[in-house]
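Understanding the architecture of this molecule
As a plain string of letters, each chain reads:
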Amino acid sequence: MWTADEIAELCYEHYRSRLPKQGKPDPSREWTSLAAVVKVESAANEAGSAGLGSLQVQLLLSGELLRTSMNMGLFYRDVLNDSHAEVVAKRSFQRYLLHQMRLATSYQQCSIFIPGTETGKWKLKPNIIFIFFCSHTPCGDASIIPIRETENHLSKSVDGHDIAGQSVLCSSSNCDHRGPEDKRKSEKMASSHMIKRMKNADGGFFSTITEDMAVQQVFAKPEGNVNPECCESSEEMQAANKETNAGKLKAVDVYRTGAKCVPGELSDTLIPGIEYHCVGLLRVKPGRGDRTCSMSCSDKLARWNVLGCQGALLMHFLQYPVYLSAVIVGKCPYSQEAMQRAVIERCRHISLLPDGFLTQEVQLLQSDLQFEHSRQAIQEGQTSSKRKLVPCSAAISWSAVPERPLDVTSDGFRQGTTKKGIGSSQSRSKICKVELFHEFQKLVTSISKENLPDTLRVKTLETYWDYKEAALNYQEAWKALRSQALLGWIKNAQEYLLFM
């Protein structure tokens, strides 16, 4: 049986020994985050035990998140819009799964998949599970963690300034404690975008956010009796304070998250202290510069915990989604309650899901081992230095695939790409949307028509959007999840997904 520390050490060792220096942070001035997926395969003759397997998919260090104005437009398909460690890990995992599906469809026994009961469908071998590791608490709701009395006392800096309100470290940017000036700035930013609310064919609503934010914020019509997301911060923190009677210290503040509430939804109170944030809300990542359109890592983990990590494309070939069995966080500010709320509880009540989809009771654990290039570790090693630390601007991804397993990106493109080269195949990361789509298309064309699943035989499909929408059970599950739990999730406009 594996432990949280064993998984963490396996990931750290892989980072130290298997990844090149290129793309890693300069520890004198930079920090980064790490995420990975570990395959655990139990021995065939010991079905009840799970021996620790190899790190099959990827390890990476995360740099920056792109500006909103760069997210959309001509190069949307070519760029990595979200370079947070957790997201790059998941995209590299999908690349690994595509490779394993090609092995399965060519009937090679080394694949992790075995035939399902439906034509063209496959399922994961029963003795294989996947564990997700991240060196820091995911940004967003999981990072809203109570600070108790002793922690608050220890969080006074050397010069006497209170830093208790500093954020739990986001994967790509400094998430500072917002003062009145920051509040005015964010209000100005929000007011500068026109939000036009319109009714859709399903009776729900969507808002089109204009001014260089060509995205749609979709509100599907709620099904059944659904309790809307509410601002629960004071109730949760008061409950935390009641634990004082059980021997725990009183919560006096919360760690801040730099992820902002979704435009048009409930907002944080910004009241200093334990009520600064509202918990349980959908959030977008801060990025660098303008507000981004990327949902927080906490929100994305909650989504993966219901829909699986394989995405819509691979669901054509899968009888069941590929779920994570555990999520392990490295040594950092951490709250089991916050992780449980962010990843599981927000979606526990979902009903009307198609067969095979279910909110998972994923194990949530923390390791006592710290990542050597985390912000906290770098700060502890530079107590006498006044040099400002910044997040590393590059991201490294590694996948257990035979062709170009290593991928180093900067600003969402392959490191070394010039402005003139943007848009060419040489500029793309192997895990950007169009590259993963091309790998999927190769998989489809390698299979005879009679052996394809029904969803790929019934009609002609051409674009990325066509193939995603044709994964009917996945889209049905996503609609149920969005309408019952993740209302306000920001979706990219269809026009940016019509590539081939």
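See the structure above.
Residues numbered from 1 in each chain as written. Predicted model: local features only at pLDDT ≥ 70, side-chain atom pairs only at ≥ 80, totals over all residues. Heavy atoms only, no water.

**Comments concerning the overall build of the chain**
- The helix and strand inventory of the chain stands at 13 helices and 20 strands.
- Within the chain, buried positions represent 55% of all 500 residues.
- Here the chain has roughly 22100 Å² of accessible surface; of this, 50% comes from carbon and sulfur atoms. (Helix = DSSP H or I, 4+ residues; strand = E, 2+ residues; numbered from the N terminus. Buried < 20%, exposed > 50% of the residue type's maximum accessible area, 1.4 Å probe, protein only. Areas by Shrake-Rupley, 256 points an atom, 1.4 Å probe, with all protein chains shown as cover.)

**Remarks on the nonpolar core**
- In terms of nonpolar packing, the biggest core is built from 79 residues, with Met101, Phe113, Phe130, Phe132, Phe317, Phe440 and Leu481 touching the most fellow members.
- Take this core: its biggest share by element is eight residues, from helix α3 (residues 85–105).
- Residues in contact with methionine 101, not counting those within four places in the same chain, are Phe113, Trp122, Leu314, Phe317, Leu318 and Leu443.
- The next biggest cluster of nonpolar side chains, apart from the first, holds 20 residues, and it includes Ala4, Cys11, Leu34 and Ile328. (Core = buried A, V, L, I, M, F, W, Y, C linked by side-chain atoms within 4.5 Å. Contact = heavy atoms within 4.5 Å.)

**Digging into helix α7 (residues 297–307)**
- The buried fraction of α7 amounts to eleven of the eleven residues, a majority that puts the element mostly inside the structure.
- By the burial criterion, the buried members of α7 are Cys297, Ser298, Asp299, Lys300, Leu301, Ala302, Arg303, Trp304, Asn305, Val306 and Leu307.
- Each element contacted by the buried residues of α7 is listed here: α3, β6 (128–134), β13 (283–284), α9 (336–343) and α13 (472–484).
- Downstream of α7 by a residue or two, glycine 308 has a phi angle that is positive, lying close to 90°.

**Regarding the environment of isoleucine 344**
- In this fold, isoleucine 344 is placed in the loop between α9 and β15 (363–366).
- Here isoleucine 344 is in contact with Asn305, Met339, Thr359, Gln360, Glu361, Val362 and Leu364, once residues within four sequence places are set aside.

**Observations regarding the pattern of salt bridges**
- In this structure the tally under the stated criterion is 19 salt bridges.
- Close ionic contact of aspartate 268 with arginine 283 constitutes a salt bridge, the shortest N to O distance being 2.7 Å. In this pair, aspartate 268 sits in the loop between β12 (260–261) and β13 while arginine 283 sits in strand β13, placing the two residues 15 residues apart along the sequence.
- On the basis of relative accessible area, aspartate 268 is assigned to the buried category, the value being 14%.
- Overall, arginine 283 belongs to the buried group, its relative accessible area being 0%.
- Note that arginine 457 is salt-bridged to aspartate 454, the shortest N-O span being 2.5 Å.
- Note on arginine 457: relative accessible area 30%, which makes it partly exposed.
- By relative accessible area, which is 47% here, aspartate 454 ends up partly exposed.
- Each of Glu9, Glu13, Arg16 and Glu372 takes part in salt bridges that share partners, so that together they form one network. (Salt bridge = Lys/Arg side-chain N within 4 Å of Asp/Glu carboxyl O.)

**Some remarks on the pairing of strand β2 (residues 34–41)**
- Of all eight residues making up β2, seven are buried, and the element is well covered by its neighbours.
- Pairing geometry for β2 and β6, over seven bridges, is antiparallel. Following the sheet pairing, alanine 36 is matched in β6 by phenylalanine 133. (Pairing = 2+ DSSP bridges.)

**Some thoughts on the side chain of glutamine 484**
- Its location among the elements puts glutamine 484 in helix α13.
- With relative accessibility at 3%, the residue glutamine 484 sits in the buried group.
- At 2.8 Å, the side chain of glutamine 484 forms a polar contact with the backbone oxygen of serine 351. (Polar contact = N/O pair within 3.5 Å; in protein donor to acceptor, adjacent residues only side chain to side chain.)

It is worth stressing that arrangement in space is one thing and function is another; only the former is reported here.
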